[in-house]
Amino acid sequence: MPLRHFAVLLSGLALTSLAGCASLSPQNAAPAPAEHGQQALAQAEDCCASLAALPFQALDADQTQRLKLDTSAPAHRFEDGKSFFQAFALPRDAGPLSFELTSTIVDGQVFAPTVLVLDEAFQPSQRIASDKFRYRGPSGFAPARLAAAFDLTPGPEAAYLVVYSNDAARQGSTRYESAEKVYARVRGLAPPPGPDPVAEHTATGNVTLASEPHDGGGGGLLTPILGDRATTPTPEPRTRATTDASSTAVERTRDRDFDYRRMIDAALKAGDIELAMQLAERAEREGQHGTRAWLAERLRAVSP
C-alpha cells in the first residue's frame, strides 16, 4: 500500500476515539464549521432561570462517558457567557474522586472547557478555567486534545459539577501537531516544513469525562493535580490559551506512550510490512522487548 494511503489510515485511526476504538461513533463525528455552532448557541434558548434549575444528571464514582456538548445539549447564560453545557450531581458517599476531562481536537476545532463546582445551595465554590486545560499530543491511538486532571471531595461544598465554555475561551486557539508530522515521527522521517496548525476554540466539541475513586485522601475540597497525571509538561500560561506542540521532551514522552503492537497490527492490515518492521525495532529500543518475536509470529500466521 502506498505510504500516503497509510498516512490517511493512521490519522483516521488516531481520530476515532480517546480509548482506541476502531470505528467512528456519531458522537465523534466531525463537528460542523465553528461559525455554525456559534450561531446555534446564539439562537438557543436559555434552559434555566438559575443554576439551581440546571438539568443535573447523576454521576457515578467510577465511569467514563462522552459528553454531548453540541446543539442537542441544553444552553445557559452563565456569569461569564452563554454556553452549551452538561451538569452532574456528585455521589454524596463516594469519598474523594479523581477526574480527568479531555476535549478532542477534530478538524481544526476544539471545545475549551471550564469546570464549575457548586455547593449544595447551588452557589459556585470552585472553578477550573479553560486555561488550565493543557495540550496533549497524539499518543498511541489517542488523538491530540486538551486535558485537565483534578481531585474533588463531594460534600456540602462540592455537590454539583458543570462542564461548559465561555466567551473568553472561544476567542482563543490551540496549536497542535499535524497528521503529517505524526506520521513522519512514527516512521522516523524528517518532519514536513511549516508551522503546526491551529485549532479554533468552538461552541461545540467532543469531550470525555472520566471519574474514579481517589485513594490519596487529603480531605481538601478541590485539589488540582494538573500535570501530575498528564503525559506532557505544563506550559507557561498564555493570555489566549494558545499552546505549542514542538517540545523535544514532549516528543520523547509521546514515543514512550505509543501502543506499538496496535500500530503494527494497523500497518499489517494496510499491507505495509516495512512499516511494521520499523515499528517493531522502535518498540524494542523503547524497552518493549519481545515485539520482534511477536511480529514474526504474526507474519508466520498470515503467510500462505
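Everything quoted here is computed from the prediction, not taken from an experiment.

1. Some remarks on the environment of Val 186
Right, so step 1: By the element assignment, Val 186 lies in helix H3 (residues 179-187).
Right, so step 2: Along the backbone, Val 186 and Arg 282 are 96 residues apart, and their C-alpha atoms lie at a distance of 9.1 Å.

2. Some thoughts on the packing of aromatic side chains
Right, so step 1: Scanning all chains against the criterion turns up six aromatic pairs.
Right, so step 2: Summarising the aromatic geometry, the rings of Phe 78 and Phe 85 are spaced 5.7 Å apart at their centres and angled 85° between planes, so their arrangement reads as edge-to-face.
Right, so step 3: A relative accessible area of 6% places Phe 78 in the buried class.
Right, so step 4: Phe 85 sits in the buried class, given a relative accessible area of 0%.
Right, so step 5: A ring pair is formed by Phe 122 and Tyr 160, whose centres lie 4.6 Å apart and whose planes are at 20°; its orientation type is stacked. Of the two residues, Phe 122 is situated in the loop between strand E8 (114-118) and strand E9 (124-128) and Tyr 160 in strand E12 (residues 160-164); the sequence distance between them amounts to 38 residues.
Right, so step 6: Here the aromatic residues Phe 56, Phe 122 and Tyr 160 are joined through ring pairs into a cluster of three or more.

3. Let's talk about the side chain of His 76
Right, so step 1: Inspection of the secondary structure assignment puts His 76 in strand E3 (residues 75-78).
Right, so step 2: Looking at His 76, its side chain comes within polar contact range of the main-chain oxygen of Cys 48, at 3.2 Å.
Right, so step 3: Once residues lying within four places of it in the same chain are set aside, the contact partners of His 76 are Asp 46, Cys 47, Cys 48, Ser 50, Leu 51, Leu 54, Gly 81, Lys 82, Ser 83 and Phe 85.

4. Examining the sheet that holds E8
Strands belonging to one sheet form pairs held by backbone hydrogen bonds; the direction of such a pair is parallel or antiparallel.
Right, so step 1: The strand order across the open sheet built from five strands is E1-E5-E12-E8-E9, with neighbouring strands paired in mixed fashion. At either end of the open sheet lies a strand with only one pairing partner, and these are strand E1 (56-58) and E9. Going from strand to strand, the sheet's axes swing by 25° on average, the running direction of each strand aside.

5. Overview of the sheet that holds strand E14 (residues 198-201)
Right, so step 1: Spatially, the three strands line up as an open sheet ordered E7-E14-E13, and their pairing is mixed. Looking at strand neighbours, the two that pair on one side only are strand E7 (109-110) and strand E13 (173-175), the edges of this open sheet.
Right, so step 2: Pairing between E13 and E14: three bridges, direction antiparallel. Bridge pairing in E14 places Arg 175 opposite Val 198.

6. Considerations on unusual backbone geometry
Right, so step 1: Residue Asp 107 is not a glycine yet carries a positive backbone phi of 50°.
Right, so step 2: Note that Asp 107 resides in the loop between strand E6 (97-104) and E7.
Right, so step 3: With phi around 65°, Phe 122 is a residue other than glycine that occupies positive phi space.

Reading guide: rules and limits
Residues numbered from 1 in each chain as written. Predicted model: local features only at pLDDT ≥ 70, side-chain atom pairs only at ≥ 80, totals over all residues. Heavy atoms only, no water. Helix = DSSP H or I, 4+ residues; strand = E, 2+ residues; numbered from the N terminus. Phe/Tyr/Trp six-rings, centres within 6.5 Å; stacked < 30°, edge-to-face > 60°. Buried < 20%, exposed > 50% of the residue type's maximum accessible area, 1.4 Å probe, protein only. Polar contact = N/O pair within 3.5 Å; in protein donor to acceptor, adjacent residues only side chain to side chain. Contact = heavy atoms within 4.5 Å. Pairing = 2+ DSSP bridges. Axes fitted to C-alpha atoms, helices over the stretch in contact; angles between N-to-C directions.

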